[in-house]
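Listed below are the residues making up each chain.
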Amino acid sequence: MSVVSNTTTIGSIGAPSRRNTELLMLAFAVVIPVFAYINVGLAIDGTVPAGVLGMGLGMALLAAVAHIVVRRFAPYADPLLLPLATLLNGLGLVLIWRLDQSERLRQLGQGTAASNQLMWSTLGVAGFVIVLIFLKDHRILQRYTYISMVVALVLLAAPAFFPAREEDFGAKIWIRIGSFSIQPGEFVKIIIAVFFAGYLMVKRDALALASRRFMGLYLPRGRDLGPILTVWALSILILVFETDLGTSLLFFGMFIVMLYVATERTSWILFGLLMSAAGAAAVATFESHVQQRIVAWLNPMAIFLPPEQRPDGLISDQAAQALFAFGSGGVLGTGLGQGHSDLIGFAAKSDFILATVGEELGLAGMMAVLMLYALIVQRGIRTGLAARDPFGKLFAVGLSGAFALQVFIVAGGVMNLIPLTGMTMPFLAQGGSSVITNWALIAILIRISDTARRPAPAPAPSPDAEPTQVVRL
Amino acid sequence: MNKPLRRVAIFCGLLVLALLVRSNWLQFVQADEFKTHKNNRRVEIQRYAQERGNIIVGGKSITGSAETSGSDFKYKRTYKNGEMWAPVTGFSSQAFGSTQLESIYDGILTGNDDRLFFSNTVDMLTGKDQQGGDVVTTLNAAAQKAAFKGLGDKKGAVAAINPQTGAILALASTPSYDPSKIAGNSLKTDTKNWQELSSEDNKDKPMLNRALRETYPPGSTFKVVTAAAALENKRYSSIDEKTDTPLPWIMPGTTTPLPNLVNEPCKEASLKVAMQFSCNTVFGKLGSDLGVEKMAKQAEKFGFNEEQFVPVRAEASRFPTEMEPSEAALSAIGQFDVAATPLQMAMVTAAIANDGKLMQPYMVDQLRAPDLDVIEQTEPEELSEAMSAENAQKLQQMMEFVVTDGSGKNAQIPGVTVGGKTGTAQHGENNSKNPYAWFISYAKTDNGSPVAVAVVVEDSGAARESISGGGLAAPIAKGVMQAVLGK
């Protein structure tokens, strides 16, 4: 393995801590959403919104706490991750508050969500702080490999036992207790990454080396196929029982990525693709929910045909409304508060929040936001490259890969590039589980990057050592 | 482990690249298609986002805009005296689209027309909302009022034209409707009103623009066309020359005599006298003698068999081009399959009053930008030379004689030369329904004729015996002419 050689190139001794860079970036990450917030108020009511001071101070406070904790507990961490997350979270708050102002959504019975989201964001930052303070070293998580697996399975299976509401459009991904609901699939993203990283770290040699060569490909032994088949079956089961295409795709994709990184065997990717294609095709033939999504993906505008000409299973104009929002935004957008993305109606603040970015901030804003996500992924993978231990590498790449996949699945779905699946846009979308999970994810990446970039401790001076003498010959 | 890690990084980069490309595709390449898609409600929202430009009559707007609440459409159309002006304006409704001037000049009125691009750009740069332009019509408020009031509770229509230019002065249709009542999109009021107005069961058909879109058998008023054909084809050189018309006159190919209202004066009557007494025998025989081809040619010179665009579309009036001689005789007195819109009969009258020259009728004088710049000005245009000036003047003498000494005495205006013709058109199976009362007329001053008018009353509630063009329709025509003359 090339671990050793990389350690010397990237984790070079005396790397600057970059904490001041982070602070400067954080200032931008706070100021930009505050200006956006003022912009929305001016566009809608013609006045600076009353809550601007509270919102500005609140965000600044959260950012300051997070920064101080990073400074104290992870001084060598990557300087971009925290500002990126803060900026996206702040923009998300502004967008949700902007949609709260929509009369149309109010008439649909959607209450205000921005204050709740602010509370969740605060909890998210609190979680971030807790992770950084108590998780001194990410390798501790290695101990919980199999416990993680059990917890992940329990959490994933749980929603299937709770009744789905009608307004969830068939997806069973919530656990509801009274008015309180969580989406365990979000948390499982991290927990299952712990399991994959721990498991693969142990088994990677067996998986990589004990294989037979067949038609130029290294095929794994039957017994090593066990785990991949298990995960595959798991994701199919999620799909069938919870009709959650997105989460299923996310977990399977994450596993394939981590497996590939662990074993360096291209054959695994091929295997993974074939299996996911087979699984998806099989499920799609008998799951009407999945079929509906595909029909809506192929004919988004057919919803406007008279009912008798409409393809079967097309029930919502969401896809079409999202396309209208993107198209109407054009290159420069309508400006915050001046679009009509609320026409999407249901889920405008959650799954479809990107359509509001597209309409009100335009192509320019979309590219900027997508680049923010790309930067988070890039910093995450960079952290994986820099990490010195295989567990850290696998963990970092697993989390970053899952993050990238989630962004692709949600954004691609909203932009009708791929069939729509119900998942939230990290940080932007309304939803407590998602915000908390993603703050924890950022905290873990920061922890790994701190470990990776920390200068190697100077070797302890040996009391027995004699000063070396240079002997001239 | 770093080699596959770098490849994963590339893979993630490709995912983001795919999203970026898709975003560019949606928001740049396909943007216009979605932006203007017919199901994109933003198009409608934008339409009603600012006050609509107005339709102007005599320097005053007959429309307006009012802010609405509880809807994402900010402004809705209002109409001043909507029932009276509905045949002119049409309607612009948030829920039911728009018609007539409101529809044809929607771009100007909303401000979306390309010709307002400069004005819009200036507004955008100075931070003002987009403004709509105005449509200035040729209508005459006094004449319209006279027409509408004259029709009153009766079912009918009036069209008045300035013969010298073709400018439409009045366009009334009753029963009418108030477009304000369907301008919004409220289910409780607008939709209910709409259903009531457009219902099949509504016998009044209030939304039918009778002046332009309904065709009626013109009856005896069509005899002026037959007379024009006779003169143009040099059948008689003088209007006082006796015609070779026996009494009774049996229609060719049949055994049926054509009846007259009064018989005695019609025997061998001259054109002038035949017009005075509205002799069916004289004009019926003329029609069958002239033949279908010549009659149709004359009718078409007056605008029959063709849709007119003023610029609102007017139904094509009909004169059949193939028929039996007996049918030609009936057609020559405005029965059988002949049908004309009130506008068409006003055009016939106007052409006669304008010494034979038929002007293209129009109702929009100019289109105006919000800053009052004229975007488009309509210039009067000759549609056809319907008859020679000499023959037209002969026909004028005949029509003036009808008013002084014939059935059109009700249209006399002291001190003004008025020419006219009455009509009482039969319709229904075997003449079962109440006849339509027609009157066409023009007034003349020293500077030529300023007004020609056609009035039709389909149903007045009057007893069948008392229905006559001279009795019901002529007073309305007189009122319109007086309004135009200012007397």
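Owing to the predicted nature of the structure, the values given are computational and were not obtained by experimental measurement. (Residues numbered from 1 in each chain as written. Chains lettered and ligands numbered in written order. Predicted model: local features only at pLDDT ≥ 70, side-chain atom pairs only at ≥ 80, totals over all residues. Heavy atoms only, no water.)

Caption draft 1: The overall build of chain A, seen in detail. The secondary structure content of chain A amounts to 17 helices and four strands. Taken across its 473 residues, chain A has 56% of its residues classed as buried. Counting every atom, chain A has about 20100 Å² of accessible surface; 67% of that belongs to carbon and sulfur. (Helix = DSSP H or I, 4+ residues; strand = E, 2+ residues; numbered from the N terminus. Buried < 20%, exposed > 50% of the residue type's maximum accessible area, 1.4 Å probe, protein only. Areas by Shrake-Rupley, 256 points an atom, 1.4 Å probe, with all protein chains shown as cover.)

Caption draft 2: A look at the sheet that holds strand 8 (residues 155-161) of chain B. All names here are of chain B. Reading across from one edge, 9-8-18-17-16 is the order of the five strands in this open sheet, with antiparallel pairing throughout. Of all strands in the sheet, those with a lone pairing partner are strand 9 (168-174) and strand 16 (417-425), marking the two edges. Neighbour-to-neighbour, the strand axes of this sheet turn through a mean angle of 10°, independent of strand direction. Across the sheet, helix 8 (residues 141-151) lies against strand 8, strand 9 and strand 18 (448-459), angled at about 25° from strand 9, the strand it touches most. (Pairing = 2+ DSSP bridges. Axes fitted to C-alpha atoms, helices over the stretch in contact; angles between N-to-C directions. Contact = heavy atoms within 4.5 Å.)

Caption draft 3: Just the sheet that holds strand 13 (residues 364-368) of chain B, in detail. Residues and elements named next belong to chain B. An order of 2-1-7-13-14 is seen for the five strands of this open sheet, with the pairing classed as mixed. Two strands in the sheet have a free side with no partner beyond their single neighbour: strand 2 (60-61) and strand 14 (374-377). Where strand 1 (residues 55-57) meets strand 7 (residues 134-137), two bridges bridge the pair, whose relative direction is parallel. Along strand 7, the bridge assignment pairs I56 with V136.

Caption draft 4: The arrangement of the packing of helix 8 (residues 184-209) of chain A against helix 16 (residues 390-414) of chain A in detail. Residues and elements named next belong to chain A. At their nearest, the axes of helix 8 and helix 16 sit 9 Å apart, and the two run at 140° to each other. Considering the angle they form, helix 8 stands oblique to helix 16. By crossing handedness, the relation of helix 8 to helix 16 is classed as right-handed. In this structure, helix 8 contributes E186, K189, I190, A193, V194, A197, G198, L200, M201 and R204 to the contact, and helix 16 contributes P390, F391, L394, F395, L399, A402 and Q406. Tallied by class, the residues present in the contact of helix 8 with helix 16 amount to twelve nonpolar, two polar and three charged. (Parallel < 35°, antiparallel > 145°, perpendicular 65-115°, else oblique. Left-handed = near helix turned anticlockwise from the far one by under 90°. Nonpolar A, V, L, I, M, F, W, Y, C, P; charged D, E, K, R; others polar.)

Caption draft 5: Highlighting a nonpolar patch on the surface. Where nonpolar side chains cluster on the molecular surface, the patch consists of A:V331, A:L332, B:W25, B:F28 and B:V29 and spans about 540 Å² of accessible area. Along the polypeptide, A:V331 turns up in the loop between helix 13 (318-329) and helix 14 (353-360). (Patch = residues over 30% accessible without salt bridge, like charges linked within 9 Å, V, L, I, M, F, W, Y side chains within 5 Å. Salt bridge = Lys/Arg side-chain N within 4 Å of Asp/Glu carboxyl O.)

Caption draft 6: Empty space enclosed by the protein, seen in detail. All names here are of chain A. Per the counting criterion, the structure on display carries eight cavities of 30 Å³ or more. Looking at the largest cavity, it is lined by 13 residues, and the ones nearest its centre are M59, L62, T86, N89 and W439. Those elements giving two or more residues to the lining of the largest cavity turn out to be helix 3 (52-73), helix 4 (81-100) and helix 6 (114-134). Take the lining of the largest cavity: its biggest share by element is five residues, from helix 4. Lining the second largest cavity are ten residues, with Q183, G185, E186, D244 and T247 sitting closest to its centre. Elements supplying a minimum of two residues to the lining of the second largest cavity: helix 8 and helix 10 (245-263). Of the residues assigned to the lining of the second largest cavity, the class counts are three nonpolar, five polar and two charged. (1 Å grid on protein atoms, 1.4 Å probe; cavity = no way out; pocket = protein on both sides within 12 Å on 5 of 7 lines; lining within 4 Å. Points joined across faces, edges and corners; volume = space filled by probe spheres on them.)

Caption draft 7: Geometry of the interface of chain A and chain B. Across the contact, 51 residues belong to chain A and 30 residues belong to chain B. Roughly 3700 Å² of surface becomes buried between chain A and chain B when both sides are summed, with 72% attributable to carbon and sulfur atoms. Linking chain A with chain B are two salt bridges, by the criterion used here. The closest approach of N and O atoms between B:R42 and A:E359, which form a salt bridge, is 2.7 Å. In this assembly, chain A and chain B are joined by eleven residue pairs in polar contact (both at pLDDT 80 or more). Looking at the side of chain A that touches chain B, the elements that each hand over two or more residues are helix 10, helix 13, helix 14, helix 15 (362-386) and helix 16 of chain A. Residues that form the side of chain A that touches chain B fall into these classes: 31 nonpolar, 15 polar and five charged. (Buried area = accessible area lost by both parts, 1.4 Å probe. Polar contact = N/O pair within 3.5 Å; in protein donor to acceptor, adjacent residues only side chain to side chain.)

Caption draft 8: Spatial organisation of the nonpolar core. Among the nonpolar cores identified, the biggest contains 138 residues, and A:F128, A:F395, A:M425, A:L428 and A:I446 are the most heavily contacted of them. Not counting the four nearest positions on each side in its chain, A:M425 is found in contact with A:I353, A:L354, A:Y373, A:V407, A:V410 and A:A411. Formed by 89 residues, the second largest nonpolar core is a distinct cluster that contains B:A157, B:W249, B:A269 and B:A329. (Core = buried A, V, L, I, M, F, W, Y, C linked by side-chain atoms within 4.5 Å.)

Caption draft 9: Inspection of the packing of aromatic side chains at higher detail. In this structure the tally under the stated criterion is 19 aromatic pairs over all chains. For the ring pair A:F128 and A:W439, a centre distance of 5.4 Å and an interplane angle of 80° mean the geometry is edge-to-face. Separated by 311 residues along the polypeptide, A:F128 in helix 6 and A:W439 in helix 17 (residues 432-453) bring together distant segments of the chain. A:W439 shares its class with A:F128; the two are buried. With 6.0 Å between their ring centres and 45° between their planes, A:Y373 and A:F403 make a pair best called tilted. One end of the pair, A:Y373, is in helix 15; the other, A:F403, is in helix 16, with 30 residues separating them in the sequence. Here a set of aromatic residues connected by ring pairs shows up, and it is made of A:Y146, A:F195, A:F196, A:Y199 and A:F255. Positioned over the ring face of B:F401 is B:K272, at 4.5 Å from the centre of the ring. (Phe/Tyr/Trp six-rings, centres within 6.5 Å; stacked < 30°, edge-to-face > 60°. Lys NZ or Arg CZ within 6 Å of the ring centre and 35° of its normal.)

Caption draft 10: Local environment of the packing of helix 4 of chain A against helix 14 of chain A. Residue and element names in this part refer to chain A. At a minimum axis distance of 10 Å, the contact between helix 4 and helix 14 shows a crossing angle of 85°. With respect to helix 14, the axis of helix 4 lies roughly perpendicular. Contacts between helix 4 and helix 14 involve L95, I96, R98 and L99 on the former and, on the latter, I353, T356, V357 and E360. For the contact of helix 4 with helix 14, the per-class residue count stands at five nonpolar, one polar and two charged.

Caption draft 11: Spotlight on helix 18 (residues 469-485) of chain B. Residue and element names in this part refer to chain B. With 17 residues, helix 18 extends 22 Å from end C-alpha to end C-alpha; this agrees with the ideal 24 Å at 1.5 Å per step. Those residues of helix 18 that sit buried are G469, G470, L472, A473, A474, I476, A477, V480 and M481. Those residues of helix 18 that are buried are in contact with helix 8, strand 8, strand 16, strand 17 (436-445) and strand 18. (Expected span 1.5 Å × (residues − 1).)

Caption draft 12: Up close: the pairing of strand 13 of chain B. Residue and element names in this part refer to chain B. With four of five residues buried, strand 13 is to be regarded as a mostly interior element. Where strand 7 meets strand 13, four bridges bridge the pair, whose relative direction is antiparallel. Within strand 13, the position partnered with T137 by the bridge is V364. When strand 13 meets strand 14, the two strands line up antiparallel, connected through three bridges. Looking at strand 14, one finds that R368 is bridged to V374. Between the antiparallel neighbours strand 13 and strand 14 lie five residues, among them L372 with a positive phi of about 75°.

Caption draft 13: Quick peek at the layout of surface pockets. There is about 2200 Å³ of room inside the largest pocket. As for the largest pocket, its lining consists of 50 residues, of which A:Q338, A:H340, B:I45, B:Q46 and B:A49 are closest to the centre. For the lining of the largest pocket, the elements supplying multiple residues, two or more each, are helix 2 (19-44), helix 5 (103-107) and helix 13 of chain A together with helix 2 (31-35), helix 3 (41-47) and helix 7 (117-125) of chain B. Split by residue class, the lining of the largest pocket holds eight nonpolar, 24 polar and 18 charged.

Caption draft 14: Seen up close, helix 8 of chain A. Helix length check: helix 8 of chain A (26 residues) gives 36 Å between terminal C-alpha atoms against 38 Å at 1.5 Å per residue, within 8%. The sharpest bend along helix 8 of chain A reaches about 60° and sits at A:K203. (Bend = angle between axes of the 7 residues up to and from the residue.)

Caption draft 15: Quick look at the confidence of the model for chain A. Residue and element names in this part refer to chain A. Scored by pLDDT, chain A comes out at a mean of 85, with 90% of its residues at no less than 70. Here helix 1 (residues 3-10) is the element of chain A with the lowest mean pLDDT, 44, and helix 15 is the one with the highest, 96. Long-range and interchain partners of residues 1-12, a stretch whose pLDDT sits below 50, account for 15 contacts in this model, where long-range means more than four residues apart. (pLDDT = per-residue confidence, 0-100.)

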